[in-house]
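Each chain, written out:
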Amino acid sequence: MIRRAALLALAGLLLIGSAGQAQATGYRYWSFWDRDGDRWTYATQGPSTARPSDGDVQGFRFAVSEDSDDAAQPRGAADFAAICAKTPARDGSKRVALVLDFGTAADAPSGETPPGRRTACARVSPDATTADALAAVAGPLRYDTDALLCAIAGYPESGCGEQVAQQPEQKEKEKEKGTEEKEEGSASDDDGPSVGLFAGIAIVAVLGAAAAWQARRRGNAP
């Protein structure tokens, strides 16, 4: 009876531990960012309605993420003067610097390889949207029927915001976000043993004790 009860307890705790380690569900899509000083902020409008000003820097990152709080930021430098150095100002137009980060191989759809990160300076009309600026320097673009941006420069070839199992790359994403709070959370949440592991060790100890007790009981039986 003791052995059976211990085995049942072990099975239950291992199920709890494996559930805690299950991959989170995310979505594979292009996130849209505004450059605010020396940091990225998640855009509050879509590229088809946002109207950047002359001198603005905007970024796009293709990745798998759960939501805007979890989204990976564009990587690398994002300086307007450097990106638009070869695109002089012109009357009757504005310049928008764009950072295009096609993400990592881990986030790429099956069978596709992400292009390298690149920047571009779009010179467009004063009332142009971010989508207009993208179309001027990073076509072809692809949208779904709900006007969701699905592809930049033809990448990816298919798919649009599909739900996928998120891969365990939290450390890389936390470094990209560049916050000490996230790094500390990474050390406490990702690097230590799981609750399931401790539970398994405890139950194995219980099973061993139960087996030893039964062996002693048989040895002492007349």
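Scroll up to find the structure this text is about.
This section reports on the structure supplied with the text. Fair warning: this is a prediction, and the values are worked out from it, not measured in the lab.

### Quick word on the overall build of the protein
- Assigned secondary structure in the protein consists of six helices and eight strands.
- Burial statistics for the protein: of 222 residues in total, 37% are counted as buried.
- A fraction of 67% describes how many contacts in the protein between residues 6 or more apart in sequence connect residues 24 or more apart.
- As displayed, the protein offers around 12,700 Å² of accessible surface, 53% of which is attributable to carbon and sulfur atoms.

### Thoughts on the state of the cysteines
- Going through the model one piece at a time under the given rule, you end up with two disulfides.
- In this model Cys 84 forms its disulfide with Cys 121; the gap between the sulfur atoms is 2.0 Å. Here the S-S torsion is close to 100°, and the disulfide linking Cys 84 with Cys 121 is therefore right-handed. In this pair, Cys 84 sits in the loop between helix 2 (80-83) and strand 4 (94-101) while Cys 121 sits in strand 5 (residues 118-124), placing the two residues 37 residues apart along the sequence. For the pair Cys 84 and Cys 121, one class covers both residues: buried.
- One disulfide bridge connects Cys 150 with Cys 160, the sulfur atoms lying 1.9 Å from each other. Judged by the sign of its S-S torsion, about -75°, the bond between Cys 150 and Cys 160 is left-handed. Of this pair, Cys 150 sits in strand 7 (residues 149-151) while Cys 160 sits in the loop between strand 7 and strand 8 (163-165), placing them ten residues apart in sequence.

### Regarding the packing of aromatic side chains
- Tallying each qualifying case throughout the model produces six aromatic pairs.
- Consider the rings of Trp 30 and Phe 102, whose centres lie 5.3 Å apart with planes at 80°: the pair is edge-to-face. On the criterion of sequence distance, the pair formed by Trp 30 in strand 1 (residues 25-36) and Phe 102 in the loop between strand 4 and strand 5 is long-range, its members being 72 residues apart.
- Looking at Trp 30, the relative accessible area reads 6%, which means it is buried.

Scoring rules and cut-offs
Residues numbered from 1 in each chain as written. Predicted model: local features only at pLDDT ≥ 70, side-chain atom pairs only at ≥ 80, totals over all residues. Heavy atoms only, no water. Helix = DSSP H or I, 4+ residues; strand = E, 2+ residues; numbered from the N terminus. Buried < 20%, exposed > 50% of the residue type's maximum accessible area, 1.4 Å probe, protein only. Contact = heavy atoms within 4.5 Å. Areas by Shrake-Rupley, 256 points an atom, 1.4 Å probe, with all protein chains shown as cover. Disulfide = S-S within 2.5 Å. Phe/Tyr/Trp six-rings, centres within 6.5 Å; stacked < 30°, edge-to-face > 60°.

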